[in-house]
Amino acid sequence: MKTDLPKTILLAEYAPPAYQVSTIDLEFRLDPHATRVTATSRFDRMAGAAADAPLVLDGAGLRLVSIMIDGAPVGPDRYDQQEERLVIRGVPAGFVLTVITEIDPAGNTALEGLYQSNGIFCTQCEAEGFRKITYFPDRPDVMARYRTTIIGDPVVLPVMLSNGNPVADETGPDGLRRIVWEDPFPKPSYLFALVAGDLALHEDSFTTISGRSVALRLYVEPRNADKCAHAMASLKKALAWDETAYGREYDLDIYMIVAVDDFNMGAMENKGLNVFNSKYILARPDTATDADYAGIEAVVAHEYFHNWTGNRITCRDWFQLSLKEGLTVFREQQFVADHQSAAVSRIHDVRVLRAAQFPEDAGPTAHPVRPDSYIEISNFYTSTVYNKGAEVIRMLHTLIGEDAYRRGMDLYFQRHDGQAVTCEDFIRAHADANDLDLGDFFRWYVQAGTPEVSVDTRHDPDAGTFDVTFTQTLAPTPGQPVKQPMVVPVRAALIGPDGAPLPMMLANEPADAPQAGALERVLVLSDRVTRFTFMQLPERPVPSLLRGFSAPVKLDTRAEDADLAFLMGHDDDPFNRWEAAQTYAIRVIHRLIADIGAGRPLVLPLEFREAFTRTITDDALDPALVAEALTLPGESYLAETMSRIDVEGITTARQFVRREIGRSLEPQLIALFDRLEAAEAGQPYAFETAAVGRRSLANLCLAYLGAAGGAAGLERAERRFATATNMTDALGGLLVLADQPGELSQPAFDAFYDRWKDEPLVVDKWFMVQATASRPDALDHVLTLMEHPAFSMRNPNRVRSLIGAFAASNPQGFHAADGRGYEFLADQIVALDAMNPQIAARLVGPFKRWRRYDDRRQGMMRAALERIMSRKSLSRDVYEMVTKSLA
Ligand code: 0A1
Ligand code: ZN
């Protein structure tokens, strides 16, 4: 907690460290409330640093026991112990520093540094958690070789792990076990990890491309030993994929993953010893949904891919976070696309980007993919750094092509292995490997905001020409009033009247130009206005633009409804077929919102219903894509498409469409549901693309039927809930029942809790479904649930499932006109800030768009934010989010 005003850290003020560390020897005497840490490190002054440069070490919340240099005690006259720093004066050019500190893992509720989760000791050091373990230059450009000794009672802590390989293991006459781990690869402190506890081992092995055998070890609490198979299978796929897709082989003999219940984020890529939120490891068909299975596969792969993009090559400073995160998310997306339906996975990527990143780019905390300032780095693990960062790498790939991208990656790995580097270094590797100038492209790293691109087309039937003119604008964001045009790759095709793509010949282009006459081309926009004239088109084509969402922009194609309907049926790019359906649905919902505002009766347009009917009754289509096409845009994205967010209008209009579809297409939805259910009957659960698609479409049919509230639909929901043999189906039923009156919903919730009360991840679902259910007493129900014995503010998953889900995904409840939702959230943020600042700061998210609401709500949200600000002691995390929101 800080009393003085938190300081802003600037990229422009980066300076290399005065001292480097080559080796560190860590000894932990584990004890829940008094763990003693002895750190012995070899320091050397850097060339260029002044001879009298003091040694500046980071440290926070530590009890300092002693300091020695080269074995001699250092007295208090030679050092200053500040709140988050230890400064030692008069150190020699090279020396060995020994620091002894004492820490309290059991009392650590912030879950940073060394803490306990259900009695298991574990660490979280990214970004700045190592300083809560010992005094050290806790910055990623200091890379050292680690040797870690763990001392503990083998009865309580039968498993004791750290990075690398075990090199010694003995039990002394005192009954304590000492195990020593050695990691041969130099690493920054944020990749250090230690785990100790009573854990069950699920083991397998992998033979690398060069024939080395790697032991794969998954550690979980013993009660979860039967939920490891999917994570292990995912890990093996990830190791194999990185060898073929990027030529990257694993480099240690052991790869360990530990799952814990209390974890601030999804997972952590510590070298050779990942620590995971159990949500991204544990799965059994009856406890985990298809979405959970997909999440596990993606996150296990993500953490593995960090071994090369993050660990072997790391970030020079935390401004460069997207160097490892954007790149690793892109690699994860490529991996998922190669293993699941590529189109569905791309749709999911884009849904996430639009729901989370677009609002961020349009709001008060907008920042570039590479930020240039921060108060608390934990606040910068954002959708911009991760998801938009991945889009930037995807654009690079689209612009230069797969072969050039691979050459660039090869050079990056070869040139920078073992280094801590910058985003410029990454782009330079691609430029140098391919002899390209990527200077303008780099603007994607430094300019915040989502470019808006509008399109004008003109067809001249006599000349046979078709002009496409793109105009891009980029609105100011905090600290960036003026922007340069971005380099935007637009993958495009021109679709002929029969649905076939037409050859794309540009005017003034030699016939043998590389892309001349291709059926799909990448059009590169690099100015504010860019025009392309296509030839030999006597009939007006329908343009299919930004295929596969080739750039993170808001595209306004100004297409007629009829063109959208045509693309929905004919575009040969499945992503753009989906996109046309989304655009059409957004238009319909916007018109309905206008009708509500004007007091006009609501009518679902006939053409929309017909387009819907065609999609649902076309047996030739992939069920997974049908489900995506028929899923209406979410409320968060709809809000993003309105300059003044109309809370009631969005909910009423969207609900109206859902109900009307459910009502008017009831026979077709029931027929489809029954057919899909019959196809599944008797089959064992498999996380396999076709089956996932069928389950998702069946649940969507059920959701529409539930929205209409007809007896046939509700009976099916009740039956599916009661008889399901997997969690995907059971939850599909429960979600429908949750929105029904209490006599239908409550027995389902009671039965669900009774069956799953001993499975924390399933209880999270129980909280989440209730937190997001649409009911008039939503907030009161959440308040009641906070008193439930299973609720705990100490567990981040629980907080996210109840408080986070309510605030972010129950707009009717959270934005209730009386403002109680806002008061509730402010209270919870204040309460949590004293325990876990990172989680508290994330909860500020739903307040960030406050300026986009009506005057009354603006006033109430601002008052809630100001009330948080008025607290005497706020963490840096919450302080930064609230001040930036109010600015
Ligand atoms: N590097 C991890 C994410 C992560 C970041 C911070 C954490 O604690 C504050 C924990 C995990 C990843 O990208 O997977
Ligand atoms: Zn990551």
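Along each chain, residues carry numbers from 1 onward, in the same order as the chain's sequence is written. Chains and ligands are labelled by the order in which they are written, letters from A for the one and numbers from 1 for the other. It should be noted that, the model being predicted, local features are given only for residues of pLDDT at least 70 and side-chain atom pairs only at 80 or more, the latter also being counted only at that level, while totals for whole chains, interfaces and linings use all residues. Excluded from the side-chain calculations are hydrogens and water; all other atoms, namely the structure's heavy atoms, are used.

## Here's the deal with the UniProt feature "domain: Peptidase M1 alanyl aminopeptidase Ig-like fold" (unreviewed entry) in the chain
- UniProt tags residues 449–557 as "domain: Peptidase M1 alanyl aminopeptidase Ig-like fold" (unreviewed entry).
- Helix makes up 0% of residues 449–557 and strand 42%, with an end-to-end C-alpha separation of 20 Å. UniProt positions are given in the numbering used here, feature names are shortened, and annotations may be inferred rather than shown by experiment. For the purposes of this entry, the term helix denotes a DSSP run of H or I that reaches at least four residues, the term strand denotes a run of E that reaches at least two, and both are numbered from the N terminus.

## Structural notes on the side chain of Gln-740
- Here Gln-740 lies in the loop between helix H18 (727–738) and helix H19 (742–756).
- Leaving out residues up to four positions away in the same chain, Gln-740 has contacts with Gly-706, Leu-714 and Ser-745. Throughout, a contact is declared for two residues whenever any of their heavy atoms are within 4.5 Å.

## Digging into the coordination of the zinc ion (ligand 2)
- The protein atoms donating to the zinc ion (ligand 2) are His-302 (NE2), His-306 (NE2) and Glu-325 (OE), with metal-donor distances spanning 1.9 to 2.1 Å.
- Sodium, potassium and calcium take a 3.2 Å donor cutoff, other metals 2.8 Å, and in both cases only N, O and S atoms count; water is not among them, so sites may look incomplete. Each label reflects the angles at the metal, where four donors whose angles all fall between 85 and 135 degrees are tetrahedral, four or six donors whose opposite pairs open beyond 155 degrees and whose other angles stay between 65 and 115 are square planar or octahedral respectively, and the rest are irregular. Coordination at the zinc ion (ligand 2) comes from four donor atoms whose angles at the metal span 98 to 126 degrees, giving a geometry best classed as tetrahedral.
- Spacing between the donor residues of the zinc ion (ligand 2) along their common chain follows H-x3-H-x18-E. Residue His-302 is located in helix H2 (residues 290–305), and its partner Glu-325 is located in helix H3 (residues 321–339); the two are separated by 23 residues in the primary sequence.
- The buried label applies to any residue whose accessible area, calculated with a 1.4 Å probe on protein chains only, is under 20% of its type's maximum; exposed applies above 50%, and partly exposed to all values in between. Taking the relative accessible area as the measure of exposure, Glu-325 reaches 1% and is therefore buried.

## Observations concerning the sheet that holds strand S13 (residues 159–162)
- Pairing in this open sheet of four strands is antiparallel, and the strands run S10-S11-S16-S13 from one edge to the other. Only two strands of the sheet have a single neighbouring strand rather than two, namely strand S10 (113–117) and S13. Strand after strand, the sheet turns through a mean of 15 degrees between neighbouring axes, direction not considered.
- Paired strands are those between which DSSP finds at least two bridges. Where strand S11 (residues 120–124) and strand S16 (residues 194–197) come together, two bridges link them in antiparallel fashion. For Phe-121, the partnering residue across the bridge sits in S16 and is Ala-196. Between N-to-C directions, angles span 0 to 180 degrees; the directions come from axes that are lines fitted to C-alpha atoms, helices contributing only their stretch in contact.

## Thoughts on empty space enclosed by the protein
- Using protein atoms alone on a 1 Å grid, points that fit a 1.4 Å probe yet trap it form a cavity, whereas open point sets bounded by protein on both sides within 12 Å along at least five of seven lines form a pocket; residues with an atom within 4 Å of a point count as lining. Grid points are joined across faces, edges and corners, and a volume is the space filled by probe spheres set on the points. Taken as a whole, this structure holds two cavities of 30 Å³ or more when the rule is applied.
- As a volume, the largest cavity reaches approximately 40 Å³.
- Together, Thr-109, Met-793, Arg-794, Pro-796, Val-799, Leu-832, Met-835, Asn-836 and Ile-839 line the largest cavity.
- By the convention adopted, Pro, Cys, Tyr, Trp, Phe, Met, Ile, Leu, Val and Ala count as nonpolar, Lys, Arg, Asp and Glu as charged, and the other residues, Gly among them, as polar. Looking at the lining of the largest cavity residue by residue, the class counts come to six nonpolar, two polar and one charged.
- What the second largest cavity holds in volume is close to 30 Å³.
- Taken together, Phe-612, Ile-616, Leu-630, Leu-669, Leu-672, Leu-697, Leu-700, Cys-701 and Tyr-704 make up the full set of residues lining the second largest cavity.
- When contributions to the lining of the second largest cavity are tallied by element, the ones reaching two or more residues are helix H11 (606–617), helix H15 (666–680) and helix H16 (689–708).

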